[in-house]
Amino acid sequence: MNTTKTRNVVGIVLAIALLLLTLSGSGYFFFTLKVSFVQWLAFNACSPASLIYLVCLSIFWLKGKTALLPFALLPMYYFGTMGLFTFTWSGANVFAQLSHITMTLNIAWATYTLYRIGNYKATAKGLFWGIVVFVPYISFVMYYCRTHAEEIGRLLQMAG
């Protein structure tokens, strides 16, 4: 197997794991906790970030649009990698931490793939547009969670 095939197989496995964890987590929020769409966007911000990454990854594979691969890396890093340090490693959070680990592994794979492709102009373009689009979303999530702290506390108590 050459490096490109190996890299693609690893990317596919990581993407499938991320998709399954995202669907499971979203199902938990929608069907168990019975949150609204806006609550899901804010309280389970990893899932929208992951879904957008997976859509961009699919288009990258199908159409070869390099700029789409780094587009969702900022929210994946903010909500996924940083989640490793903000969530506890016990109880129901263990499942969330599995998602955060998988998001981080997808970031590492995408970064390595972008490096190997070497199209830095397209990478910079994708990162730039990701910042433009996702900084307001991250700000919304932070504001919503701060102004609805009691609500998220109540939901998490129901889950425990």
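Once a new chain begins, its residue numbering starts again from 1 and follows that chain's sequence as written. Owing to the predicted nature of the model, reporting of local features is limited to residues with pLDDT of at least 70; listing and counting of side-chain atom pairs is limited to 80 or more, with chain, interface and lining totals taken over all residues. Think of the side-chain values as coming from all heavy atoms in the structure, minus any hydrogens and water.

A. Summary view of helix 6 (residues 93-117). Counting from the N terminus, the helices are DSSP H or I runs at least four residues long and the strands are E runs at least two residues long. Here the expected span of a helix is defined as 1.5 Å times the quantity of residues minus one. Given a rise of 1.5 Å per residue, 25 residues ought to cover 36 Å, and the 36 Å separating the end C-alpha atoms of helix 6 matches this to within 8%. Working definition: with a 1.4 Å probe on protein chains only, accessible area under 20% of the residue-type maximum means buried, over 50% means exposed, and in between means partly exposed. The complete set of buried residues in helix 6 reads Ala96, Gln97, Ser99, His100, Thr102, Met103, Asn106, Ile107, Trp109, Ala110, Thr113 and Leu114. Downstream of helix 6 by a residue or two, Gly118 has a phi angle that is positive, lying close to 80°.

B. Layout of the packing of aromatic side chains. Only centres within 6.5 Å qualify two rings of Phe, Tyr or Trp (six-membered ring in Trp) as a pair; their planes then separate them into stacked at under 30 degrees, edge-to-face at over 60, and tilted for everything else. Counted by the stated rule, this structure contains 11 aromatic pairs. Ring centres 6.0 Å apart and planes at 85° place the aromatic pair Tyr28 and Phe29 in the edge-to-face group. Judged by its relative accessible area of 13%, Phe29 falls in the buried class.

C. Region of interest: the nonpolar core. To form a nonpolar core, buried Ala, Val, Leu, Ile, Met, Phe, Trp, Tyr and Cys residues must be joined to one another through side-chain atoms within 4.5 Å. If you look at the biggest cluster of nonpolar residues, it comprises 35 residues, and the most contacted ones within it are Tyr53, Leu57, Leu69, Phe79, Trp109 and Tyr137. At the level of secondary structure, the elements contributing two or more residues to this core comprise helix 1 (3-32), helix 2 (37-43), helix 3 (46-63), helix 4 (73-81), helix 6 and helix 7 (120-147). Sorting elements by how many residues they give to this core places helix 3 first, with seven residues. Only heavy atoms matter for contacts: two residues are in contact if any of them lie within 4.5 Å across the pair. Every residue in contact with Leu69, bar those within four places of it in the chain, is listed here: Tyr53, Leu57, Phe60, Trp109, Ala110, Thr113 and Leu114.

D. The arrangement of helix 3 in detail. For helix 3, spanning 18 residues, the distance from its first C-alpha to its last is 25 Å, which sits close to the expected 26 Å at 1.5 Å a residue. Along helix 3, the residues classified as buried are Cys46, Ser47, Pro48, Ala49, Ser50, Tyr53, Leu54, Cys56, Leu57 and Phe60.

E. Structural context of a positive patch on the surface. A cluster of like positive charges, contributed by Lys63, Lys65, Lys121 and Lys125, occupies part of the molecular surface. Tracing the backbone through its elements, the reader meets Lys65 in the loop between helix 3 and helix 4. Patches were defined on residues exceeding 30% relative accessible area and lacking a salt bridge, with like-charge contacts within 9 Å and nonpolar side-chain contacts (Val, Leu, Ile, Met, Phe, Trp, Tyr) within 5 Å. A 1.4 Å probe and the Shrake-Rupley method give the accessible areas. Residues count as covered only by the protein chains that appear here. Put simply, a salt bridge is a Lys or Arg side-chain nitrogen that is within 4 Å of an Asp or Glu carboxyl oxygen. Positive charge is attributed to Lys and Arg, negative charge to Asp and Glu, and no charge count is given to His or to the chain ends. By convention, charge coordinates are those of NZ in Lys, CZ in Arg, CG in Asp, or CD in Glu.

F. Geometry of the packing of helix 4 against helix 6. Packing of helix 4 against helix 6 brings their axes to within 8 Å, and their N-to-C directions diverge by 145°. In this structure, helix 4 crosses over helix 6, and the sense of that crossing is left-handed. Within the contact between the two elements, helix 4 uses Leu73, Met76, Tyr77, Phe79, Gly80 and Thr81 and helix 6 uses His100, Met103, Thr104, Asn106, Ile107, Ala110, Thr111 and Leu114. Nonpolar residues are Ala, Val, Leu, Ile, Met, Phe, Trp, Tyr, Cys and Pro. Charged residues are Asp, Glu, Lys and Arg, and all others, Gly as well, are polar. Its residues assigned to classes, the contact of helix 4 with helix 6 shows eight nonpolar, six polar and no charged. Axis lines are fitted to C-alpha atoms, over the contacting stretch for helices. Their N-to-C directions set the angle, which ranges from 0 to 180 degrees. Helix crossings are classified by the rotation of the near helix relative to the far one: an anticlockwise turn of less than a right angle makes the crossing left-handed, while a clockwise turn makes it right-handed.

G. Representation of the state of the cysteines within the structure. Disulfides are defined as cysteine sulfur pairs within 2.5 Å. Under the criterion given, the structure shown has zero disulfides. In this model Cys56 remains outside any disulfide bridge; the closest cysteine sulfur is found in Cys46, 17 Å from its own. The class of Cys56 is buried, set by a relative accessible area of 7%.

H. Representation of the environment of Phe85 in the model. On the secondary structure map, Phe85 appears in helix 5 (residues 83-86). By relative accessible area, which is 67% here, Phe85 ends up exposed. Through-space distance from the C-alpha of Phe85 to that of Thr113 is 26 Å; in sequence the pair is 28 residues apart.

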